[in-house]
Structure formats: structure tokens, C-alpha cells
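# Remarks on the overall topology
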Amino acid sequence: MDLPAGQDELIEAVERANPRTIVVLNTGDPVTMTKWIAQTPALIDMWYGGQEAGHALAAILFGDANPSGKLPVSLPKKWEDSPAYGHYPGENLVVDYAEGIYVGYRYYDTKNVEPQIPFGFGLSYTSFEYSGLKIAPGRTSGNQPIHVSLTVKNSGHRAGAEVVQLYVHDGHAKIDRPERELKGFARAELKPGESKTVDFTLDRAALSYWNPATAAWAADPGKFEIQVGASSRDIRLRATLELTK
């Protein structure tokens, strides 16, 4: 995960000379940032920028465009924090996938390992407020669609887009389950001061897990917590959904 030799030192030297430095990462994988991230006021992760990467980056840096991206992965602080650590690359070309379902945010959130930057995270030149989470019906047998809605408001001074994420917490399943699982996301483009209703539809599959003992999908009756947030570590709203059978 380490950057090539000398690049961490270069970042540190530039930041000492200019405390308003913006660090731009042009990488396709998580990298170690612990040597300089605490002193970095702004960070842009370009990922796979493509042919027009330079123009896109300039538009972001000069404020002509408002960044609205969200991380599709979790970025660990160090390789030892990864769920694959200790198993990869294995021996004799054989890897034991011992992490099971605990990959990405499922691992970090359930095992209380703090990532460098969590899944779903992304800043913007504006800010967003969440309110009014509603679930209908709040009590169901699971044979009908479950409608989830909330209001998102652009509370800043720039037009921008927010990616709202819906997670389900199942604390009563008969087998071990992650702390939360992403079950939907929606992008809302908003002008300054504008509000929009964001809607999701869940079904029984969204409440189900694969039971290896029965070799079938199962959803155990009980109460589920519906969580809505801006990342897996930034849950803004919560509400309860009860499955009766």
C-alpha cells in the first residue's frame, strides 16, 4: 500500500512549505496516508481519470465544478487493517478466503476497525441535511413492497449532488451477520437551499441472508433497523421495521 519511494517525504516537505497544500492521488488502489494525512487540509482521489483527467481535475481545483463522488471501497490506514491480511497471498498459489462475508465496510464496521476513509464517503463544496425518514408499512409480513423515503436539503451555497445510502441492520438473525449492509443508494442533485424527497423500495430479499445450514435464503421475523446516511460511518437517520413472519 505504500507510495513509491520518496513520495511521502515530498508531500511532507511541500506541506511544511505551504500549509494550504492540496494532495491529489492518482492511484487505482488504497495507499498508506498515515505519514501526512493529519496535516493535509484537502485531498482529491482521482482514481481512473482517463483521457480528460487533467481538465476534470482543473475544474475541481479551481471550483468550476463541484465534486460529488463517493468512495466505492473502504480505505484502510495500513495493510495490517485489511480483512485479507494474514491470508493473502497465501502459500503455493493457494489463498484461504477466511474473511468470508466480512470484506470491505462489513469488516471494518462490524469488527470496529477504523478505516482511513470509510466506504461511501465523499466531500463537496456544499453541505446536505437529512430529515423526515419514513417507512411504510412499518410492520410487514415481507410479502409486499416496503417504501422508504426521506428529505435531503442542500444547506450550502453551491449546487451539488449527494449520494444517499440506505443500510439495513439485522441484529436478531440466527447466524452471524454484519453490522450493516448496503441495500440501496440514490443520487440527488440540488440547488442551494433546494430540498428533494429521496425514495427507496425494499423487498423481502433486502432482509434476507444465505443460510448455509439450509442452503436457502432466510429472513428471520423480528425488528430491523433501517439506517440512512452519507457513508457507512455517517448514519444520519434511523427507523425500525418489523418483519412478522
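Right above here is the structure, for reference.
Applying the stated criterion to the full structure yields six aromatic pairs. Ring geometry for Tyr105 against Tyr167: centres 5.8 Å apart, planes inclined by 75°, an arrangement best described as edge-to-face. Of the two residues, Tyr105 is situated in helix 3 (residues 105-110) and Tyr167 in strand 6 (residues 160-170); the sequence distance between them amounts to 62 residues. Residues Tyr105 and Tyr167 agree in their burial class; the two are buried. Look at Trp210 and Trp217: their rings are 5.5 Å apart centre to centre, the planes differ by 70°, and that puts the pair in the edge-to-face class.

Take helix 1 (residues 7-17) next. Think of an α-helix as turning once every 3.6 residues; residues three or four places apart then point the same way. All buried positions along helix 1 are accounted for by Asp8, Ile11 and Glu15. Across the axial projection of helix 1, the buried residues extend over an arc of 65°, all falling on one side. Residues of helix 1 that are exposed and angled more than 90 degrees away from the buried face: Leu10, Arg16 and Ala17. Check the buried side of helix 1 and you find it contacts strand 1 (22-25).

The subject of this paragraph is the pattern of salt bridges. Enumeration according to the criterion identifies 12 salt bridges in this entry. For Lys78, the salt bridge goes to Asp81, with nearest N and O atoms at 3.1 Å. Among the ionic pairs, Asp109 bridges to Arg233, the shortest N-O distance being 2.5 Å. Taken together, the residues Asp109 in helix 3 and Arg233 in the loop between strand 11 (222-231) and strand 12 (234-243) connect sequence positions 124 residues apart. Residue class for Asp109 comes out buried when judged on its relative accessible area of 7%. On the basis of relative accessibility, which here comes to 38%, the residue Arg233 falls in the partly exposed class.

About the criteria used
Residues numbered from 1 in each chain as written. Predicted model: local features only at pLDDT ≥ 70, side-chain atom pairs only at ≥ 80, totals over all residues. Heavy atoms only, no water. Phe/Tyr/Trp six-rings, centres within 6.5 Å; stacked < 30°, edge-to-face > 60°. Helix = DSSP H or I, 4+ residues; strand = E, 2+ residues; numbered from the N terminus. Buried < 20%, exposed > 50% of the residue type's maximum accessible area, 1.4 Å probe, protein only. Arc of directions from axis to C-beta. Contact = heavy atoms within 4.5 Å. Salt bridge = Lys/Arg side-chain N within 4 Å of Asp/Glu carboxyl O.

Geometric values such as these leave the question of function open.
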